[in-house]
Amino acid sequence: DLSPPPESGPPAAVELTPAPDPSPSATPAAPAAAAAAADPAAEATPATAVPGGDDFVAEFVEQAYAALEEIDNGILAVEEGDGDPTPLGDALEAVGALHKGCGFMGLDILENLITVWEQTLNTLIEDGAPLTDGALALLTDAAAAVAEDVSTIETTGAEGDLYTTEIRSALKALATDP
């Protein structure tokens, strides 16, 4: 007889837990990556190694340093001028290239910072209002944070434990009230 036994009261509460996923993507960083995908501003868990090997890392680092130089030149041009954000156009293109490189390399923490930095630069350029010393200092701080993580990637082949929440928040505030 395969019929279920008669019930003798309410069923006991059962706590369901998912079975462990044996796939390689079921690493402790996977939930953070999913959270970062859902919210680009979410702080991700540092990667243990940049995928793609030394050749990709070397190429990314070279391009990142070239982009950071372009960004520094744009910030200097604004500082030496009257605060007009127009010279940041080339810097915006450089940040966009960095953004794409981070996405390709799986650099979630750095990509989250660069996404907000790119959006802020775009807003500042579109607004066209002269930039204050404080705004320029914040853009410089963002460049320094990116340079620090690129240096870590260059020496270790992995993202550092860059904490970017404060810089991202300040960049968002700048974009809403330049």
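Parameters at a glance
- Residues numbered from 1 in each chain as written.
- Predicted model: local features only at pLDDT ≥ 70, side-chain atom pairs only at ≥ 80, totals over all residues.
- Heavy atoms only, no water.
- Core = buried A, V, L, I, M, F, W, Y, C linked by side-chain atoms within 4.5 Å.
- Buried < 20%, exposed > 50% of the residue type's maximum accessible area, 1.4 Å probe, protein only.
- Helix = DSSP H or I, 4+ residues; strand = E, 2+ residues; numbered from the N terminus.
- Patch = residues over 30% accessible without salt bridge, like charges linked within 9 Å, V, L, I, M, F, W, Y side chains within 5 Å.
- Areas by Shrake-Rupley, 256 points an atom, 1.4 Å probe, with all protein chains shown as cover.
- Salt bridge = Lys/Arg side-chain N within 4 Å of Asp/Glu carboxyl O.
- Lys, Arg positive; Asp, Glu negative; His and termini not counted.
- Charge placed at Lys NZ, Arg CZ, Asp CG, Glu CD.
- pLDDT = per-residue confidence, 0-100.
- Contact = heavy atoms within 4.5 Å.
- Polar contact = N/O pair within 3.5 Å; in protein donor to acceptor, adjacent residues only side chain to side chain.
- Axes fitted to C-alpha atoms, helices over the stretch in contact; angles between N-to-C directions.
- Parallel < 35°, antiparallel > 145°, perpendicular 65-115°, else oblique.
- Left-handed = near helix turned anticlockwise from the far one by under 90°.
- Nonpolar A, V, L, I, M, F, W, Y, C, P; charged D, E, K, R; others polar.
- Expected span 1.5 Å × (residues − 1).

On to the nonpolar core. Ranked by size, the top nonpolar core spans 41 residues in total, and within it F60, I71, L110, W117, L139, V146 and L171 carry the most contacts. Among the elements of the structure, α2 (53-80), α3 (88-105), α4 (108-127), α5 (133-156) and α6 (165-176) are those that each provide at least two residues to this core.

A word on a negative patch on the surface. Together, E69, E70, D72, D90 and E93 make up a region of like negative charge exposed at the surface. With three residues, α2 is the single largest residue contributor to the negative patch. Mapped onto the elements, E93 comes out in helix α3.

Considering every residue of the protein, the mean pLDDT works out to 75; 70% of them sit at 70 or more. Across the protein, the element-wise mean pLDDT spans from 41 in helix α1 (residues 29-38) up to 91 in α5. Across residues 1-5, confidence stays below pLDDT 50; counting only partners more than four residues off in sequence or on other chains, it has zero contacts.

Locating A94 in the fold gives a position in helix α3. Through-space distance from the C-alpha of A94 to that of E118 is 9.3 Å; in sequence the pair is 24 residues apart. Ignoring anything within four residues of it in the chain, the contact list for A94 reads A67, E70 and I71.

Moving on, we get to the environment of T176. Mapped onto the elements, T176 comes out in helix α6. Within the structure, T176 has its side chain in polar contact with the backbone oxygen of A173 (distance 2.9 Å).

Turning our attention to the packing of α3 against α4. Contact geometry of α3 with α4 gives a least axis separation of 9 Å together with a crossing angle of 155°. Regarding the angle of α3 to α4, the classification is roughly antiparallel. When the axes of α3 and α4 are compared, the crossing they make is left-handed. Residues L88, G89, A91, L92, V95, G96, L98, H99, C102 and G103 of α3 pack against L110, E111, I114, T115, W117, E118, L121, N122 and I125 of α4.

In this section: the environment of V150. For V150, the position within the fold is in helix α5. For V150, a relative accessible area of 0% corresponds to the buried category. Once residues within four sequence positions are removed from consideration, V150 is found in contact with F60, V61, A64, Y65 and L110.

Where α4 meets α5, the axes come as close as 11 Å, and the angle between the chain directions of the two elements is 150°. As far as their axial angle goes, α5 and α4 are roughly antiparallel. Between α4 and α5 the crossing geometry is left-handed. Between α4 and α5, the residues in contact are L110, L113, I114, W117, L121 and L124 and L139, A142, A143, A145, V146, D149, V150 and I153, respectively. Of the residues contributing to the contact of α4 with α5, the split by class is 13 nonpolar, no polar and one charged.

Time to look at α3. Taking 1.5 Å per residue as the helical rise, α3 with its 18 residues ought to reach 26 Å, and the 25 Å between its terminal C-alpha atoms agrees with that figure. Every buried residue of α3 is accounted for by L88, A91, L92, A94, V95, G96, L98, H99, G101, C102 and M105.

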